[in-house]
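Residue-level structure breakdown
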Amino acid sequence: MADAPKPCDILIRNAYVVTVDDDRRIFPAGAVAITGRRIVAVGPEREVAAAFRAARVIDARGGVVHPGFVEGHYHASLHMSRGAIGDDPDNPALGHSRAGGGHGEDEPDIATYSKWFNLIDEEDEYTASLATAAELLRNGYTCFMEAGTVFEPDATAAACAAAGIRALVADPWLWDHTGIDQMAGEIARAPADTERCLAALGGQLGRNADPDALVRGYVCLYGCGTGSEELIKAGKAKADEAGVAFVQHQNFLTEDTAGDDARFGRHALCHLAELGVLGPNTTLVHMNVLRDDEVAAVASSGMSLVWHPGNYMFYALGKKAPARMHDLHARGVPVTFGTDAAKAWTFGDLPAIAYLVTREAGHYLSAEKVLEMVTRDGARAVGLQAEIGSLETGKRADLVIRAADRTDTAPFLDPVHEMMLVQRTHSVDTVLVDGRIVLRGGRLTRLDEAVVQDQARAWARRMVERIGLAPGGRWPLVT
Ligand SMILES: [Zn+2]
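1. Considerations on the overall build of the chain
In terms of regular secondary structure, the chain is built from 16 helices and 20 strands. Relative to the compact-globule value of 23 Å for 479 residues, the chain shows a C-alpha radius of gyration of 22 Å, a close match. Seen through its principal axes, the chain has C-alpha atoms that stretch 85 × 60 × 45 Å. Within the chain, buried positions represent 53% of all 479 residues.

2. Observations concerning the packing of helix 13 (residues 367-374) against helix 15 (residues 415-423)
When two helices pack together, their arrangement is captured by the angle between the axes and the distance separating the axes. One can describe the packing of helix 13 onto helix 15 by two numbers: an axis separation of 9 Å at closest approach and a directional angle of 65 degrees. Comparing their axes, helix 15 and helix 13 come out roughly perpendicular. You can see that helix 13 and helix 15 cross each other, and the crossing is left-handed. Residue-level contacts link Ala367, Glu368, Val370 and Leu371 of helix 13 to Val416, His417, Met420 and Leu421 of helix 15. Residues that form the contact of helix 13 with helix 15 fall into these classes: 6 nonpolar, 1 polar and 1 charged.

3. Some remarks on the pairing of strand 9 (residues 141-146)
By the criterion of burial, strand 9 is predominantly enclosed, with 6 of the 6 residues buried. In the sheet, strand 6 (residues 69-74) pairs with strand 9 via 4 bridges, with the strands oriented parallel. Bridge pairing in strand 9 links Glu71 to Phe144. The pairing of strand 9 with strand 10 (residues 166-169) spans 3 bridges and is classified as parallel.

4. As for the domain arrangement of the chain
Interfaces are often sized by the amount of accessible area the parts lose when they come together. Split into domains, the chain comes out as domain 1 (6-68 + 391-444) and domain 2 (69-381). Taking only C-alpha atoms, the centre of domain 1 and the centre of domain 2 are 30 Å apart. Each partner contributes residues to the interface: domain 1 has 20 residues there, and domain 2 has 27 residues. For the side of domain 1 that touches domain 2, the leading source of residues is helix 15, giving 4 residues. Split into classes, the residues belonging to the side of domain 1 that touches domain 2 amount to 12 nonpolar, 3 polar and 5 charged.

5. A word on the sheet that holds strand 10
Note on sheets: strands pair through backbone hydrogen bonds, and any given pair is parallel or antiparallel. Taken in spatial order, the 4 strands line up as 6-9-10-11 in an open sheet, and their pairing is parallel. Whereas interior strands pair on both sides, the edge strands pair on one side only; in this sheet they are strand 6 and strand 11 (215-217). Ignoring which end each strand starts from, the neighbouring axes of this sheet average 15 degrees apart.

6. Comments concerning the environment of Ala379
Relative to the helices and strands, Ala379 resides in helix 14 (residues 376-381). Judged by local crowding, Ala379 falls into the buried class, with 28 C-beta atoms found within 10 Å. Each C-alpha atom of the pair Ala379 and Ser390 lies 8.7 Å from the other, and the pair is 11 residues apart in sequence. Excluding its chain neighbours within four sequence positions, the residues that come into contact with Ala379 are Val70, Leu384, Gln385, Ile388 and Gly389.

Cut-offs and rules
Residues numbered from 1 in each chain as written. Predicted model: local features only at pLDDT ≥ 70, side-chain atom pairs only at ≥ 80, totals over all residues. Helix = DSSP H or I, 4+ residues; strand = E, 2+ residues; numbered from the N terminus. Rg over C-alpha atoms; globule rule 2.2 N^0.38 Å. Buried ≥ 20, exposed ≤ 12 C-beta atoms within 10 Å, placed from the backbone. Axes fitted to C-alpha atoms, helices over the stretch in contact; angles between N-to-C directions. Parallel < 35°, antiparallel > 145°, perpendicular 65-115°, else oblique. Left-handed = near helix turned anticlockwise from the far one by under 90°. Contact = placed C-beta atoms within 7 Å. Nonpolar A, V, L, I, M, F, W, Y, C, P; charged D, E, K, R; others polar. Pairing = 2+ DSSP bridges. Domains from an automatic or database assignment.

Here it is as structure tokens:
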């Protein structure tokens with residue numbers, strides 16, 4: 001006679017379970033059992049349902065269940081800049097402008113993004129982080145790494161806790177070298193200064209003393225030519241000591257890459273490898289401009305990459321720097337996606353853009369590969385691969401249940417292909433983070449979305465007025 005069923009908190013049944021585990025197993029008639037914060041069983045429904053007696057049963061109605069997506073790099077305080085800071089490359093507000101903000105012709109030429117950051121306060125960062133968290137959860141993202149540019153990480157942490165999303169925060173704006181990135185001299189509260197940065201380094205790591213902390217700390221430098229060798233080495237050492245990810249922007253555009261090449265006297269990634277700062281806990285963001293010797297250095301280091309294929313296209317980098325991510329992924333380098341700054345995309349757009357960028361270059365990333373990138377590789381890039389990124393017994397119950405009754409969920413002959421390239425995130429129905437239901441029927445359970453939206457809109461309008469931007473599109477408003 002079989003053992004008596006054990007109690008569990010939640011049983012998700014009638015599910016097409018895509019585990020993304022080491023063997024990439026799929027259970028087309030599957031189930032997931034959850035107790036507390038963790039998965040206690042995943043497998044065929046006939047086995048899991050017989051082994052557990054659940055306090056709550058969720059019928060997935062045949063829909064796909066998959067690990068929550070991981071957003072590898074996002075500047076939360078820029079979330080409301082989409083449509084405010086324009087996307088037209090000929091619009092001076094996108095880059096550097098004297099327009100607005102009370103600056104006259106004699107005023108220094110301050111980048112619009114710098115003005116935005118210089119005006120933000122703690123309450124703004126909470127509002128922006130809450131709107132970011134809401135939008136991430138709506139799109140099936142259960143974890144995100146804030147990109148190290150909120151001045152008050154406590155504000156972002158509080159917003160993420162309120163929304164119920166897993167997050168990682170870092171000490172903000174760590175940079176001590178000017179001359180390559182203009183912003184490094186323009187952020188009033190974060191001067192480029194080695195002593196300031198060394199004193200701040202590791203300030204968020206105390207969060208990790210609680211093994212169940214939903215918001216954890218990591219080590220981030222701004223990067224892209226703004227860190228001295230001393231600061232870069234100190235950052236890596238701090239991350240090693242704490243067992244967390246070491247992250248910075250790197251090789252974004254040909255301009256910053258050339259700047260780093262010039263000061264290092266060789267290709268930047270080769271120099272960073274020589275410095276000993278590329279390793280399994282290193283995650284470099286963007287990496288659009290990679291030369292052959294750099295690809296070799298990256299592949300042999302064990303490090304991870306966060307890539308934004310939308311920015312790669314937006315800045316027309318295909319003409320200058322061939323897409324290398326399919327090659328790196330094929331060599332076993334973890335590559336995930338980072339939505340970076342709001343511009344002409346939102347969470348969940350990048351996997352399909354990556355698929356097309358790769359095709360344009362004459363190569364191929366399958367739907368399964370892009371799903372790996374946004375789950376397993378994402379978990380690895382943020383340093384949480386032991387906890388999230390796949391549906392396995394013992395891992396955190398961070399998962400997504402998809403609707404199965406939409407027009408775009410047919411024919412259901414290759415559900416992973418349909419999900420990643422056709423539905424993208426439109427079929428996200430239910431999201432669990434750390435065993436708690438945070439989205440059900442496409443609606444957030446812990447936040448009033450209308451209130452979050454109203455606050456975010458009001459804040460964005462204030463920012464636009466204070467900077468002197470003139471958004472609102474090109475067509476006449478008839479009132
Ligand atoms: Zn960034």
